[in-house]
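Analysis of the macromolecular model
One-letter residues, chain by chain:
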Amino acid sequence: MAMDEDACLHRYGLHPVDAGLDEVRGLLRVHIRLEQQAQGDGDTELMKLCCVQLFNACSLDDVLLIWTAKCASMDSDCSIDIQLLCGSGLARTKAYLLSECLPEAEAALQGLLDCVRVAGFEDFSVEGHSAQYAAYCTP
């Protein structure tokens, strides 16, 4: 059976740990590839949930994976909030992206800075965003 958003939420919850995090990353990579091949082939709602789960893990190592998911297609760009890059906080995420010498890190940093400039991070906090996603994802 293919994993959908409900099955993923049931299996891993909003705060997966250890092997569950690796499985979420793998699932996200599969749907990124599908979505990059043809818009609509990947499940963008599932991709968003995976990004929320990684956001809640607060690991800087997931920032570029989340960015890649966001950039997979126009649908995923609209579905995946740029704030999901910042599970470790805005300042730490910006510092991390500055330290990475990769074109995708540069693009992600520019996307963050553009969003900050247009007030996309007013009142941002990791805890507050996590609570918003919990309310959105659970019935």
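What you see is a predicted model; the values in this text were computed from it and never measured.

1. A look at unusual backbone geometry
Positive phi outside glycine occurs at Ala119, with the angle close to 70°. The topology assignment puts Ala119 in the loop between helix H7 (103-117) and helix H8 (126-137). Classification of Ala119 by relative accessible area gives partly exposed; the value is 36%. Even without a glycine there, the phi angle at Asp123 is positive, about 60°. Within the secondary structure, Asp123 is located in the loop between H7 and H8.

2. Let's talk about the pattern of salt bridges
Under the counting rule described, the total for this entry stands at six salt bridges. The shortest N-O distance in the salt bridge between Glu23 and Arg11 comes to 3.5 Å. On the criterion of sequence distance, the pair formed by Glu23 in helix H2 (residues 19-37) and Arg11 in helix H1 (residues 5-12) is long-range, its members being 12 residues apart. By relative accessible area, which is 34% here, Glu23 ends up partly exposed. A salt bridge links Asp114 to Arg117; the nearest nitrogen and oxygen atoms lie 2.2 Å apart. Of this pair, Asp114 and Arg117 both sit in helix H7, three residues apart, which is roughly one turn of the helix. For Arg117, a relative accessible area of 59% translates into the label exposed. One connected set of salt bridges, linked through shared partners, spans Asp22, Arg25 and Asp62.

3. Thoughts on the confidence of the model for the protein
Here the protein averages 95 in pLDDT, while 99% of its residues score no lower than 70. The least confident element of the protein is H8, whose mean pLDDT is 91; the most confident is helix H4 (residues 63-70), at 98.

4. Here's the deal with the nonpolar core
Nonpolar side chains tend toward joint burial in soluble globular proteins. Counting 42 residues, the largest nonpolar core has Leu28, Leu84, Leu85 and Leu97 as the members making the most contacts within it. Residue assignment for this core shows that the elements contributing at least two residues are H1, H2, helix H3 (44-57), H4, helix H6 (90-99), H7 and H8. Among the elements that make up this core, the one with the highest residue count is H3 (eight residues). Not counting the four nearest positions on each side in its chain, Leu97 is found in contact with Val63, Leu64, Ala105, Ala108, Leu109 and Leu112.

5. A word on the state of the cysteines
Summed over the entire model, instances satisfying the criterion amount to zero disulfides. Cys8 carries a free sulfur, and the closest cysteine sulfur to it, the one in Cys50, is 4.4 Å from it. For the unlinked cysteine Cys101, the closest cysteine sulfur is that of Cys71, found at 19 Å. The exposure class assigned to Cys101 is exposed, which follows from its relative accessible area of 75%.

6. With respect to H1
Buried within H1 are the following residues: Ala7, Cys8, Leu9 and Tyr12. In this fold, the buried residues of H1 make contact with H2, H3 and H8. In this structure Asp4 caps H1, since a side-chain oxygen of it lies 3.3 Å from the backbone nitrogen of Asp6. Gly13, located one to two residues past H1, shows a positive phi value of around 70°.

7. Some points on H3
With 14 residues, H3 should cover 20 Å at 1.5 Å per step; its first-to-last C-alpha distance of 20 Å lies within 8% of that length. With respect to burial, H3 is a largely interior element, 12 of its 14 residues being buried. By the burial criterion, the buried members of H3 are Thr44, Leu46, Met47, Lys48, Leu49, Cys50, Cys51, Val52, Gln53, Leu54, Phe55 and Asn56. A distance of 3.1 Å separates the backbone nitrogen of Glu45 from a side-chain oxygen at the start of H3, and that oxygen is part of Asp43. One or two steps after H3, the chain reaches Cys58, where phi turns positive at roughly 60°.

What counts and how
- Residues numbered from 1 in each chain as written.
- Predicted model: local features only at pLDDT ≥ 70, side-chain atom pairs only at ≥ 80, totals over all residues.
- Heavy atoms only, no water.
- Helix = DSSP H or I, 4+ residues; strand = E, 2+ residues; numbered from the N terminus.
- Buried < 20%, exposed > 50% of the residue type's maximum accessible area, 1.4 Å probe, protein only.
- Salt bridge = Lys/Arg side-chain N within 4 Å of Asp/Glu carboxyl O.
- pLDDT = per-residue confidence, 0-100.
- Core = buried A, V, L, I, M, F, W, Y, C linked by side-chain atoms within 4.5 Å.
- Contact = heavy atoms within 4.5 Å.
- Disulfide = S-S within 2.5 Å.
- Polar contact = N/O pair within 3.5 Å; in protein donor to acceptor, adjacent residues only side chain to side chain.
- Expected span 1.5 Å × (residues − 1).

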